[in-house]
Protein chains: 2
Amino acid sequence: MDPTTLTYPDLLAAAARIAGHAHVTPVLRSASLDAIAGATLSFKAEHLQRAGAFKFRGACNAVWSLSDAQAARGVVTHSSGNHGGALALAARTRGIPCHVVVPEGAVQAKLAAIEAYGAILHRCAPGIAARETECTRVQTETGAELVHPYTDARVIAGQGTAALELFNAGGPFDALVVPVGGGGLASGTALALAAVSPRTRLFLAEPAGAAETAASLRSSERVVDFVPDTICDGLRGTLGAPNFSLLRAAQAEVLVVDDAATTAAMRLLWQRTKQLVEPSSAITLAAVLANRERFAGQQVGLILSGGNVDLDALPWSVATA
Amino acid sequence: MDPTTLTYPDLLAAAARIAGHAHVTPVLRSASLDAIAGATLSFKAEHLQRAGAFKFRGACNAVWSLSDAQAARGVVTHSSGNHGGALALAARTRGIPCHVVVPEGAVQAKLAAIEAYGAILHRCAPGIAARETECTRVQTETGAELVHPYTDARVIAGQGTAALELFNAGGPFDALVVPVGGGGLASGTALALAAVSPRTRLFLAEPAGAAETAASLRSSERVVDFVPDTICDGLRGTLGAPNFSLLRAAQAEVLVVDDAATTAAMRLLWQRTKQLVEPSSAITLAAVLANRERFAGQQVGLILSGGNVDLDALPWSVATA
């Protein structure tokens, strides 16, 4: 299916399909963060989603969209990050095989997590070309269905369910702020917003070190040639082609945020909400705080995309002193 | 009031008094932690309480127990930790003055937090004698009511409301595990348990580096002469006399936990629940994991006492890599 033809009924079908598998995550409020922002903030807590990120929604919708015959042959993707784990767990909810192609040199802890969810790992050389070659090989050999992390229509529809729940629990909103990397969550949110609240403005929080979405929307041509440099490890991917089309149509506005602001916002979130969110989540709050005048006095929804902080990077003896 | 004469109606009165001021915190579950523990764990999330710890319950009950004439003269305590902040915030809910005596050398960030809640700080020399002298001076000068962090009957009754809520939302339980320091939460929990579920066993998780409660209950005499050495900064206080009597009467059992086990449990909680709890909270899970056979297959309630992790001790550039 062409993602640019997705409509509200596709999102509702996704919501029905993932119900009972995905969590309806809570919407969190913080009086002290409201005071700091000068706005009323509602945080959609996707770090409390299964596998620790919104990614489970799209993966789950893709897995449960398959016919029984397709499903029996399994699914495949290439991702050493949250999507790989999410697809593995989604496949497990249906009891089908999941193949994940991972490049040599990927973080061992992440691979262990993907394997723990029951996926079969396939190693390949680093680089997107090697990954795609290996993915095609696995597809040919097994007949598994490819589930791309963010350009797949089923994935985009699934990601859009987070915003549907947010509006349902906490709306109405003047503005919604979501992180943008490959654009799965961002374009799914754009579709949700068009359906349930067209007057709500959509803002995309993007790291300065991977700001190709800002450049793409500015030049009306998708920028693909860049080298990401940001602590937001979930936002290093390149904006997908259908995601670009959907975000352009939605007139989404990008707010570019530097890593220092994201780190400060993450610290604030940890301190004030006691929620362990990852940098790719905190960038939404950073975007609001860096553009205070744009949100003053407004009702603002923010999607906290995930909580997969690399705990191995924390010095435990120091952290507990 | 003598805390050893506290009864169920006192706890119910405390619950009514703090309603509308304190949060009814959620009870959290984690399938993966259940699998690790081999038991069904229900976590009372007091790190999501106002001011970040259960301490607000007792402080709030004390403040709202005062007559209008008493209240007008304010409250005073000596604590540079969670109780100081909790009492300051509780006093603010009633719009009355709060004096906090703090020793020279206390952590600046904690003092700033207490001041941010509107308390008046009074500096004194380090050591319990200097603190008590300064406290008495402030009392004499202002007529403020002393609210001790854990021996005050109003405080103990307030702390007991956390267990009442836990039983209400998640019971019945075979066992309850709470941290023990001065014993305010522990003895309040003992009173709650005696009233609503006498068959539930009460376990106290205590750091090996401050295990005077274990020694006291073993020898039937309160041990006060020890030098605490533990990362559990909330559990360094000396077990209070009325707390000792209440815990002895309740036949509470102490589980002594070393800091390495607490740190590992804290890491597990951060990773699996995305909740930023402090070491004094994580010690309850550590106690269960270190005594697996005692809890196998049981319904276990654990109180996560607070989330005031010293974020300044985290190296932010590393943590976000």
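Here the structure is a predicted model, which is why all the values come from computation and not from measurement.

### Comments concerning the overall build of chain A
So, point 1. Within chain A, the regular secondary structure consists of 15 helices and 10 strands.
So, point 2. For a compact globule of 321 residues, the expected C-alpha radius of gyration is about 20 Å, and chain A comes in at 19 Å, within 12% of that figure.
So, point 3. The C-alpha extent of chain A, read off along each of the three principal axes, is 55 × 50 × 40 Å.
So, point 4. Relative to all contacts within chain A whose residues are 6 or more apart in sequence, the contacts with residues 24 or more apart total 75%.

### Description of the domain arrangement of chain A
Reports of interface size often rely on the accessible area that becomes lost once the parts have come together.
Residue and element names in this part refer to chain A.
So, point 1. Assigned domains of chain A: these are domain 1 (3–53 + 152–313) and domain 2 (56–146).
So, point 2. Inter-centroid distance (C-alpha atoms) of domain 1 to domain 2 is 24 Å.
So, point 3. For the side of domain 1 that touches domain 2, the element with the highest residue contribution is helix 8 (residues 153–170), accounting for 8 residues.
So, point 4. Grouping the constituent residues of the side of domain 1 that touches domain 2 by class yields 9 nonpolar, 9 polar and 6 charged.

### Notes on the sheet that holds strand 5 (residues 120–124) of chain A
All names here are of chain A.
So, point 1. Strand order across the open sheet formed by 4 strands is 5-4-3-6, with parallel pairing between neighbours. Every other strand in the sheet has two partners, leaving strand 5 and strand 6 (145–146) as the edge strands with one partner each.
So, point 2. As paired strands, strand 3 (residues 75–78) and strand 4 (residues 98–103) are joined by 4 bridges and run parallel to one another. Residue pairing across strands places Val75 opposite Cys98, the latter belonging to strand 4.

### Examining helix 11 (residues 241–249) of chain A
Residues and elements named next belong to chain A.
So, point 1. When helix 11 is considered as a whole, its buried residues turn out to be Pro242, Asn243, Phe244, Leu246 and Leu247.
So, point 2. Those residues of helix 11 that are buried are in contact with helix 9 (184–196) and helix 10 (212–219).
So, point 3. Positioned one or two residues after helix 11, Gln251 has a phi angle of 55°, which is positive.

### A few points about the pairing of strand 10 (residues 299–304) of chain A
All names here are of chain A.
So, point 1. By the criterion of burial, strand 10 is predominantly enclosed, with 5 of the 6 residues buried.
So, point 2. Pairing geometry for strand 2 (residues 40–45) and strand 10, over 6 bridges, is parallel. Pairing of Phe43 across the sheet is with Leu302, part of strand 10.
So, point 3. Sheet topology places strand 7 (residues 175–179) next to strand 10; 3 bridges connect them, and they run parallel. Residue pairing for strand 10: Val177 is matched across the bridge by Leu302.

What counts and what doesn't
Residues numbered from 1 in each chain as written. Chains lettered and ligands numbered in written order. Predicted model: local features only at pLDDT ≥ 70, side-chain atom pairs only at ≥ 80, totals over all residues. Helix = DSSP H or I, 4+ residues; strand = E, 2+ residues; numbered from the N terminus. Rg over C-alpha atoms; globule rule 2.2 N^0.38 Å. Contact = placed C-beta atoms within 7 Å. Domains from an automatic or database assignment. Nonpolar A, V, L, I, M, F, W, Y, C, P; charged D, E, K, R; others polar. Pairing = 2+ DSSP bridges. Buried ≥ 20, exposed ≤ 12 C-beta atoms within 10 Å, placed from the backbone.

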